Amino acid sequence: MLLPSCPIISLSKVKLIKTEMENQGSVGYVGEEIQPVPSEPAARAGWNTKIEYILAQVGLCVGFGNIWRFPYLCHQNGGGSFLLLYVLLLLTVGIPLFFLELATGQAIRQGSIGVWKFISPRLAGIGYSSCVVCFFVALYYNVILAWSLFYLGNSFQYPLPWEHCPVEGNVTVPECKKSSPTSYFWYRKALDITESIDEMGSFNPYIVSSLLAAWTLVCLGMFKGIKTSVKVMYFSSIFPYVVLFCFLVRGLMLDGALEGIVFMFYPKLEIWADMQVWRQAATQVFITFGVGLGSNIAYSSYNPKNNNCHRDAFTISMINILTSVLATLVVFVVLGFHAKNKALACVVSNIKELSEQFLSGPVNINLMPSFNYSDPSAVALEAYRAWFKLHGKQFPGNLTDCDLEKEMQQGVEGTGMAFIAFTEAISLLPGSPFWSALFFLMLLNLGLGSMFGIMEGILTPLTDRFKTLAQNKIKFRVFTCIIGFVIGLLFTQRCGNYFVMMFDDYSASLPLIIVVVFETFSVSWLYGADRFLDDIEGMLGWRPHVIYKYLWKYVCLLAMLALLGATTIQMFIQRPTYMAWNQEKGSEEYLEYPDWALAVMASLIIIAVMPVPIAFIHAVLMDWTRQRARDSEAGRYSIVSTSNNCGSLVTDMSDLDQNKKTAASVSSTLDMKLHK
């Protein structure tokens, strides 16, 4: 029987401590039973140099969102004011969460599954959820890569196929005439899109081929893990900056560049009172760093234990924000040129109509402009707008105000920024095929850098967790790419763009927020922020500032919960919508998702989050089963001790056998002595 005074320590109540191991530092569990440190796979690689790691992280963090999402949000939400809000949230939420993931990966040197299982087996589901969400992101992200490949292939011709509307039987295609050549090429030639998500349509052979090429590039780039992908990153992470600087220098020479910069940075401080703007800024910070995907943990797990991950977090963050600002400058310099051209074309059209009205009938001479309207192309935009504000509405005819800002706002949301607005602006540049090829080659490299990181967020945790996969790494990587391509065919249907928007807006982003909430709560509250800082101190040799404790425990956690709550409430208050293409009108319109699409959306979210409770319940049941087995074994083999010193609660069978042999040996010796 067991002594009542002997405390029974539950297997689930273990304490993570730092212990010095032979030949390497690591961490272990102390409790009733020491849990062995998860060993690294024998073939686990590491970064050859620090620059490789920085390039890999920059490639992961800097992606499509820096090129079109951030510029759009910056312009729509107050320009400079939104930029300040973004930097504020970056410092208080983004960098602390980013640092948290880098530190956990580097300390435990495992993927996301191993990290959370090592902290507590009941938290292993967080790692599995990260893998699921990572896979969702990879599915649609590589489709955008395929679109970039398609446009890159079409850039090597003059004139560019989206510069002019096609003509059929000496008649301009009505759909193109109602919209624009770039919109028509995007929706009809590239996507051949249906008018709603309900109309599935057939597979688009061009996009299918492009998707196959995209997955082939990803597979070849990560064929042997970071050893091959990092070689590609030397080009894919640096080349986009070369292109951005080229575009910036060329764009600053264009008419309208200054107007574009002014619209970008013009402050609108009143937007700080809009909670929707805070939600969008927080979401952008969240997406930019890729927290929750497990990719940051995977990359940092290849670092040596004494690497300064705190400095890395700030270095990569600064590169990220500067890249976003640089990309936004480039976008709005070029879009300013594009908008100025359209506004001037509007002025020419209106001046011609004004001249016709003056010649065709009596017009009040006092309403006529003072500038020389005999040469419409020589009329300045500012002069026309000043006249229009005074007399435009009183003048007979159908004159319009050629508003430069309204032109700037056209076609800048989401993929429309890159594949409609920016391509239209590029088509106006001298040598447009060269600039088009350069731009889409840049998008291709940005996408590849991010895809390598996303795939590592899937592959590293699984190969660390399962020995069979670790022993067949190459086969597993190739198989994953094949599965990704097959499932990704869903997005190559004529309605595929609508599914891309669904995954991007809800099925990937919402589960990621939930995963990060679990991560932050687990480290800061369950494990303990102070203990985590102790571990970082033992790893780095110095202790990070105590402010991280309060940022993790309160600011980051509350910010994530607020973002999750705001997103969920918005979904229930306002039925989710998507932007569809109306072929008859030749324009975009917002439609509500049908019931079946909402069911698919909800199912994907549940699938992504479900590993967390499943792993928790499984760990609790396993603890309970082991405890019962231990209690039963202890009842059979333990002995009563009169000492208050409680050592091992269970006597091992081999120890009992050894004791019996020793007793028999002693008895035999005594008998021999007695006989003597």
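Small disclaimer: the values here were computed from a predicted structure and weren't measured.

**Topic: the overall build of the protein**
Item 1. Helix and strand counts for the protein come out as 26 helices and six strands.
Item 2. Across the 676 residues that make up the protein, the buried fraction comes to 53%.
Item 3. Sequence-distant contacts in the protein: of pairs separated by 6 or more residues, those separated by 24 or more amount to 79%.

**Let's talk about the packing of helix α2 (residues 64-76) against helix α17 (residues 416-427)**
Item 1. At a closest axis distance of 9 Å, the pairing of α2 and α17 adopts a crossing angle of 80°. Comparing their axes, α17 and α2 come out roughly perpendicular. Every residue of α17 that contacts α2 at I67, W68, P71 and Y72 is listed here: M417, A418 and F419.
Item 2. Considered class by class, the residues forming the contact of α2 with α17 number seven nonpolar, no polar and no charged.

**As for unusual backbone geometry**
Item 1. Here Y158 and P159 are connected by a cis peptide whose omega angle stands at -5°.
Item 2. The topology assignment puts P159 in the loop between α5 (124-153) and β3 (167-168).
Item 3. Of note, R109 is a non-glycine position whose phi angle comes to about 55°, a positive value.
Item 4. Its place among the elements puts R109 in the loop between α3 (80-108) and α4 (112-119).

**Considering the side chain of K549**
Item 1. The topology assignment puts K549 in helix α23 (residues 547-573).
Item 2. Once residues within four sequence positions are removed from consideration, K549 is found in contact with A529, D530 and L533.

**Details of the packing of aromatic side chains**
Item 1. Under the criterion given, the structure shown has 41 aromatic pairs.
Item 2. Ring geometry for Y548 versus W552: centroids 5.6 Å apart, planes at 35°, classification tilted. Of the two residues, Y548 and W552 are both situated in helix α23; the distance of four residues between them amounts to about one turn of the helix.
Item 3. On the basis of relative accessible area, Y548 is assigned to the buried category, the value being 6%.
Item 4. On the basis of relative accessible area, W552 is assigned to the buried category, the value being 0%.
Item 5. In this arrangement the basic side chain of R531 is found over the ring face of Y527, its NZ or CZ atom lying 4.4 Å from the centre.

**Notes on the environment of M408**
Item 1. Following the sequence through the fold, M408 ends up in helix α16 (residues 404-408).
Item 2. The exposure class assigned to M408 is buried, which follows from its relative accessible area of 2%.
Item 3. Distance from M408 to A421, taken between C-alpha atoms, is 9.3 Å for residues 13 residues apart in sequence.
Item 4. Apart from residues lying up to four places away in sequence, M408 is in contact with H75, G260, F263, F332, L335, G336 and A339.

**So, empty space enclosed by the protein**
Item 1. By the definition in use, this model includes seven cavities of 30 Å³ or more.
Item 2. For the second largest cavity, the calculated volume is near 50 Å³.
Item 3. The wall of the second largest cavity is formed by W147, A190, L191, N204, I207, F491, T492, Q493, R494, G496 and N497.
Item 4. Class assignment for the residues of the lining of the second largest cavity results in five nonpolar, five polar and one charged.

**Let's talk about the pairing of strand β5 (residues 577-582)**
Taken residue by residue, a regular strand's side chains alternate between the two faces of the sheet.
Item 1. Counting buried positions over the six residues of β5 gives five, a clear majority of the element.
Item 2. Pairing analysis gives six bridges linking β5 to strand β6 (residues 587-592), with the strands arranged antiparallel. Among the inter-strand pairings, A580 is bridged to a residue of β6, identified as E589.
Item 3. Linkage of β5 to β6, two consecutive antiparallel strands, is achieved through a turn of four residues, within which G586 is found at a positive phi near 70°.

**Concerning α2**
Item 1. Given a rise of 1.5 Å per residue, 13 residues ought to cover 18 Å, and the 18 Å separating the end C-alpha atoms of α2 matches this to within 8%.
Item 2. Burial of α2 is extensive: 10 of the 13 residues sit out of reach of the surface.
Item 3. Burial in α2 covers these residues: F64, N66, I67, W68, F70, P71, Y72, L73, C74 and H75.

**Some remarks on the environment of Y184**
Item 1. One can find Y184 in helix α7 (residues 181-190).
Item 2. As for Y184 and G586, which are separated by 402 residues in sequence, their C-alpha atoms are 8.0 Å apart.
Item 3. Ignoring any residue separated from it by four or fewer positions in sequence, one finds Y184 in contact with P166, V173, E175, C176, S179 and K189.

**A short note on the nonpolar core**
Item 1. Y384, F439 and M455 are the most contacted members of the largest nonpolar core, which has 199 residues in total.
Item 2. Of all the elements, helix α14 (residues 309-360) adds the most residues to this core, at 21 residues.

**Concerning the pattern of salt bridges**
Item 1. Here the structure, examined in full by the defined rule, presents 14 salt bridges.
Item 2. Residue E456 pairs with R477 through a salt bridge whose shortest N-O separation is 3.2 Å. You can see E456 sitting in helix α18 (residues 432-465) and its partner R477 sitting in helix α20 (residues 473-488), a full 21 residues away along the chain.
Item 3. When its relative accessible area of 1% is taken as the criterion, E456 is described as buried.
Item 4. Note on R477: relative accessible area 6%, which makes it buried.
Item 5. Here D534 and R543 are joined by a salt bridge, their closest N and O atoms 2.4 Å apart.

**What about the environment of I238?**
Item 1. You can see I238 is positioned in the loop between α9 (226-236) and α10 (239-252).
Item 2. Between the alpha carbons of I238 and V58 there is a distance of 9.4 Å; along the sequence they are 180 residues apart.
Item 3. In this structure I238 touches L55 and M233, once residues within four positions along its chain are discounted.

**Thoughts on the confidence of the model for the protein**
Item 1. In this model, the protein carries an average pLDDT of 80, and 84% of its residues clear a pLDDT of 70 or more.
Item 2. pLDDT under 50 marks residues 669-676. Its contacts with residues more than four places away, or in other chains, come to zero contacts.

**Side note on the side chain of E163**
Item 1. By the element assignment, E163 lies in the loop between α5 and β3.
Item 2. Here the side chain of E163 touches S432 through a polar contact of 2.8 Å, side chain to side chain.
Item 3. Sequence-distant contacts of E163, that is, excluding residues within four places in its chain, are made with P181, S427 and S432.

**Remarks on the state of the cysteines**
What is meant by a disulfide is a covalent connection between two cysteines, made through their sulfur atoms.
Item 1. All told, the structure shown has one disulfide when counted by the stated rule.
Item 2. Two residues share a disulfide in this structure: C165 and C176, whose sulfurs sit 1.9 Å from each other. The disulfide joining C165 to C176 has a torsion of about -80° about its S-S bond and is therefore left-handed. Note that C165 is positioned in the loop between α5 and β3 and C176 in helix α6 (residues 174-178), a separation of 11 residues in sequence.
Item 3. You can call C176 buried: its relative accessible area is 2%.
Item 4. The thiol of C134 is unpaired, and the distance to the nearest cysteine sulfur, on C131, comes to 6.9 Å.
Item 5. The thiol of C481 is unpaired, and the distance to the nearest cysteine sulfur, on C219, comes to 4.0 Å.

What counts and how
- Each chain has its residues counted from 1, running along the sequence as written.
- Per-residue local features of the predicted model are confined to residues with pLDDT of at least 70, and side-chain atom pairs are confined, for both listing and counting, to 80 or more; whole-chain, interface and lining totals are unaffected and use all residues.
- Excluded from the side-chain calculations are hydrogens and water; all other atoms, namely the structure's heavy atoms, are used.
- Secondary structure elements follow DSSP: runs of H or I no shorter than four residues count as helices, runs of E no shorter than two count as strands, and numbering proceeds from the N terminus.
- A 1.4 Å probe rolled over the protein chains alone gives each residue an accessible area, and that area as a share of the maximum for its type sets the label: buried under 20%, exposed over 50%, partly exposed in between.
- Two residues qualify as a contact provided that any one of their heavy atoms is within 4.5 Å of a heavy atom in the partner residue.
- Working convention: axes come from line fits to C-alpha atoms, limited for helices to the stretch in contact. Angles between N-to-C directions cover 0 to 180 degrees.
- Orientation labels follow simple angle bins: below 35 degrees gives roughly parallel, above 145 gives roughly antiparallel, 65 to 115 gives roughly perpendicular, and whatever is left gives oblique.
- The classification used treats Ala, Val, Leu, Ile, Met, Phe, Trp, Tyr, Cys and Pro as nonpolar, Asp, Glu, Lys and Arg as charged, and all other residues, Gly among them, as polar.
- Aromatic rings from Phe, Tyr and Trp, taking only the six-membered ring of Trp, are treated as a pair when their centres fall within 6.5 Å; an angle between ring planes under 30 degrees marks them as stacked, one over 60 as edge-to-face, and anything in between as tilted.
- The criterion for a charge sitting over a ring is simple: Lys NZ or Arg CZ within 6 Å of the ring centre, and within 35 degrees of the ring normal.
- The way it works is a 1 Å grid over only the protein atoms, where trapped points that fit a 1.4 Å probe form a cavity and open points with protein on both sides within 12 Å along at least five of seven lines form a pocket, and then any residue with an atom within 4 Å of a point lines it.
- Grid points are joined across faces, edges and corners, and a volume is the space filled by probe spheres set on the points.
- When DSSP finds two or more bridges between two strands, those strands count as paired.
- In this analysis, the expected span of each helix is defined as 1.5 Å times one less than the number of residues it contains.
- By nonpolar core is meant a set of buried Ala, Val, Leu, Ile, Met, Phe, Trp, Tyr and Cys residues that side-chain atoms within 4.5 Å join together.
- Salt-bridge detection follows one rule: a side-chain nitrogen of Lys or Arg within 4 Å of a carboxyl oxygen of Asp or Glu.
- Every residue gets a pLDDT, meaning the predictor's confidence in that residue, from 0 to 100.
- What qualifies as a polar contact is a pair of N or O atoms within 3.5 Å, subject to a donor-acceptor requirement within protein and to the restriction that residues adjacent in sequence count only when both atoms come from side chains.
- In what follows, a disulfide is any cysteine sulfur pair within 2.5 Å.

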